Amino acid sequence: MLPYLAYRYVKNKREKNQREMDNDLDSMVRSIVPDKPVVSISGVAAKLEETSREYIPGVLSIVEKSIGVFIEWRPSEDPDASWVMTSDDGNSEMVHSRSPEEKRDRGARVAFSMDVNDLSSFRNEEPKRGSGGFPSIRLICRDGSSQVPLFFRNCSTGEFIDRLQGYITLRRSNREANLVIVVDQKSEALAKSVSMLDENGDILSRFMQNPYMTAMTGFSKITSFVQDQVIPSVLNDTDAVTQEEKIRLMRELRLAEEQMRVHSDAAGEFEVVTQLDLPPRPEIYRELPVSKELWNSFKLPNGSYDPLKLHHLKMNVFRGGLNAELRKEAWKCLLGYRQWHETDAEFEKKRAELAKQYQNMKKQWMAITEDQEKRFSKFVKRKSLVEKDVARTDRTVPFFQGEDNVNLVHLHNVLMTYVMYNFDLGYVQGMSDFASPLLFVMKDEVDTFWCFVGLMEMTHKNFEKDQAFIKLQMNQLRDMVMIVNPKLANYLESEKSDDMYFCFRWVLVWFKREFSFLDTCKLWEVLWSGQPCPRFLLLICVAILDSQTNIIIDNQFGLTEILKHINDLSMHLKVDEILTAAEAIFHQLSASQNKLPTHICQYLNIGESAVSSNSSSPAKGDSKDL
């Protein structure tokens, strides 16, 4: 008996010590890793009670912490913030009768902080048109409890939901339109991801004991996997088998998140998009490229562009592209380097100042010595990657051919200077694909650099480590295919290929590897026009997939075969035919906007979701729409 009691004593002592060590490590991680607010939305009022019409103004946030990602609501810190009373007809009035102490006490009572993994679903209510009410969300936890309803007084719920989808997968219930259900579990996704990366047993065991804390050490490796392995595999000239393995592993890393297709949905719990009766696609014809003469007809005498004709000018670029001789001038405007309203004199003055800034940043990285590099590992890594990419970017294009080609030096200088300009992002493989056509057209380092800055404003999210924006675009692409070609969508789902990762390269570098160098120039300037919708890039993807439907299905391609077939389309696509098909699909969907789901209308900027053409233009600040 005594040996057993001694054994139990020692065992319990060890377990207690382990718990204390875990708690100490938890506390240490919290003290080292600061909380990072991802989004904070003010003007979100909490409803005190279901039967009450009294609301407390506050701030709704999504916060990344050392122990996980949390949804938090806190009452406004402004002691004079008014409470709101809303009547049944939607009219509201301010309430000033509460004392500061009573406001603080009641606000603390309804404040909350919850892990996103504890979220089971939420109700997303939109007010009836003309009611004067506000959109609201009520979060429902996995244990069946609910948080207080939150009313968005100054904005829609869209931004919060979009950010939330970066961490969990959401699908609208088929039975109740206002109910949004969480169909994945982040901790399980991370656990599978760690095991897929063959992490050692110590990390894995700690993860299973304390998944949130260990995620801080393991998640950085998971998120860097796409940058360090998938992107190089997809962009470099590796064999198809290697590419397929990397894409498949990326699929598996996101498997838990991507179960939103929900094969367990035998009872139809989640939304199933049924086939819509779309009208025939209209016949679309491409027009001639914009000539220098036509371009100049949109200018005012001072060199600026007539704002009343700007949309017409962009539509001309969209419908025909640009003459090669015009690109050097036009690309500066399309990329936001020169503003449309700037006069010739104003732009020349700005250009001189930007040239000085470029030279100063260039001198900074050139002045870093070998001794300094020994203590500047991040810079050294980025410098090495730039050098490797420059040596292999577009070397078959005459402009970049030859071992001692000065244009390679210019390309290297532009990319290294961008590292200093945006050190947070730095350099990621694939950026050289965006820079080389700019240098080819501009023939000048300064102009190339600032055009590149504008292009990165549109595309930088493609290169962020968590790849959340790429994932978002893949989801949006899948949604569009479900509407345009449900036959293909159903087939891809049956082959477990509906994550659309075989289109990864298309979206990452905007079809740079799929079209010839000059066709890429035409395609990009069409996209930069911002017409006819912000996500025309995805419609191009849809058009290509639509054209390959019969080949994929009739040959019963699986994931491996689909990936190989998609890769083999490279340099065998006709840019004008693809652009024509994509535009026809846009008009087909636009004609059916009353039948389309709301999110599809938002992607296409049609119907009630439409905004002005200026805000859909891919200028600085609008890159989120691309």
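What counts as what
Residues numbered from 1 in each chain as written. Predicted model: local features only at pLDDT ≥ 70, side-chain atom pairs only at ≥ 80, totals over all residues. Heavy atoms only, no water. Helix = DSSP H or I, 4+ residues; strand = E, 2+ residues; numbered from the N terminus. Buried < 20%, exposed > 50% of the residue type's maximum accessible area, 1.4 Å probe, protein only. Areas by Shrake-Rupley, 256 points an atom, 1.4 Å probe, with all protein chains shown as cover. Contact = heavy atoms within 4.5 Å. Axes fitted to C-alpha atoms, helices over the stretch in contact; angles between N-to-C directions. Parallel < 35°, antiparallel > 145°, perpendicular 65-115°, else oblique. Left-handed = near helix turned anticlockwise from the far one by under 90°. Nonpolar A, V, L, I, M, F, W, Y, C, P; charged D, E, K, R; others polar. Core = buried A, V, L, I, M, F, W, Y, C linked by side-chain atoms within 4.5 Å. Phe/Tyr/Trp six-rings, centres within 6.5 Å; stacked < 30°, edge-to-face > 60°. Lys NZ or Arg CZ within 6 Å of the ring centre and 35° of its normal. Pairing = 2+ DSSP bridges. Disulfide = S-S within 2.5 Å. Polar contact = N/O pair within 3.5 Å; in protein donor to acceptor, adjacent residues only side chain to side chain.

Caption draft 1: A look at the overall build of the protein. Broken down by element type, the protein carries 26 helices and eleven strands. Each of the 626 residues in the protein was classed as buried or not, and the buried ones make up 53%. Taken as a whole, the protein presents about 29700 Å² of accessible surface, with 51% of it coming from carbon and sulfur.

Caption draft 2: Layout of the environment of T448. Tracing the chain through its elements places T448 in helix 16 (residues 445-459). The exposure class assigned to T448 is buried, which follows from its relative accessible area of 1%. Distance in space between the C-alpha atoms of T448 and L438 is 5.6 Å, their sequence separation being ten residues. The contact partners of T448, leaving out residues within four places of it in the chain, are V414, A435, L438, L439 and M442.

Caption draft 3: Geometry of the packing of helix 10 (residues 327-334) against helix 20 (residues 517-528). Relative to each other, helix 10 and helix 20 sit at 40 degrees, their axes nearing to 10 Å. When the interaxial angle is binned, helix 10 and helix 20 end up oblique. Pair helix 10 / helix 20 crosses with left-handed handedness. Residues R327, W331 and L334 of helix 10 touch helix 20, and the partners they reach there are L518, C521, K522, E525 and W528. A class-by-class count of the residues in the contact of helix 10 with helix 20 yields five nonpolar, no polar and three charged.

Caption draft 4: Region of interest: the nonpolar core. Ranked by internal contacts, the top residues of the largest apolar core, which has 121 residues, are W295, W528, F536, L539 and I540. When residues in this core are grouped by element, the largest group, ten residues, is from helix 21 (residues 536-547). Listed in part, the 30 residues of the second largest apolar core include L60, I62, I71 and L139.

Caption draft 5: Main features of the packing of aromatic side chains. For the coordinates displayed, the defined rule picks out 24 aromatic pairs. Arranged with centres 5.8 Å apart and planes meeting at 35 degrees, the rings of Y418 and Y421 form a pair that is tilted. With a gap of three residues between them, Y418 and Y421 both fall in helix 14 (residues 406-421), about one helical turn apart. Here Y418 falls in the buried class, since its relative accessible area comes to 3%. Residue classification places Y421 among the partly exposed positions, given a relative accessible area of 33%. The interplanar angle of 85 degrees and the centroid separation of 6.1 Å between the aromatic rings of F434 and W510 together place this pair among those described as edge-to-face. With F434 in helix 15 (residues 431-442) and W510 in the loop between helix 19 (504-508) and helix 20, this pair connects stretches of sequence that are 76 residues apart. Here F434 falls in the buried class, since its relative accessible area comes to 0%. Feature note: the residues W331, F434, F463, W510, W524 and W528 constitute an aromatic cluster, connected by ring pairs. The ring of F70 is capped by K65, whose NZ or CZ atom sits 5.0 Å from the centre of that ring. A cation over an aromatic ring shows up here: K461 above the ring of F469, its NZ or CZ 5.4 Å from the ring centre.

Caption draft 6: Focus on the pairing of strand 8 (residues 136-141). Most of strand 8 sits inside the fold, with five of its six residues counted as buried. As paired strands, strand 7 (residues 119-125) and strand 8 are joined by six bridges and run antiparallel to one another. Residue pairing in the sheet places N124 in a bridge with I137 of strand 8. Sheet analysis places strand 8 next to strand 9 (residues 150-152), joined by two bridges and oriented antiparallel. Following the sheet pairing, S136 is matched in strand 9 by F151.

Caption draft 7: View of the state of the cysteines. Within the structure shown, the criterion is met by zero disulfides. No disulfide involves C451; its sulfur sits 9.3 Å from the nearest other cysteine sulfur, which is in C333.

Caption draft 8: Here's a closer look at the side chain of Q476. Relative to the helices and strands, Q476 is located in helix 17 (residues 468-484). Classification of Q476 by relative accessible area gives buried; the value is 6%. A distance of 3.0 Å separates polar atoms of two side chains, one belonging to Q476 and the other to R535.

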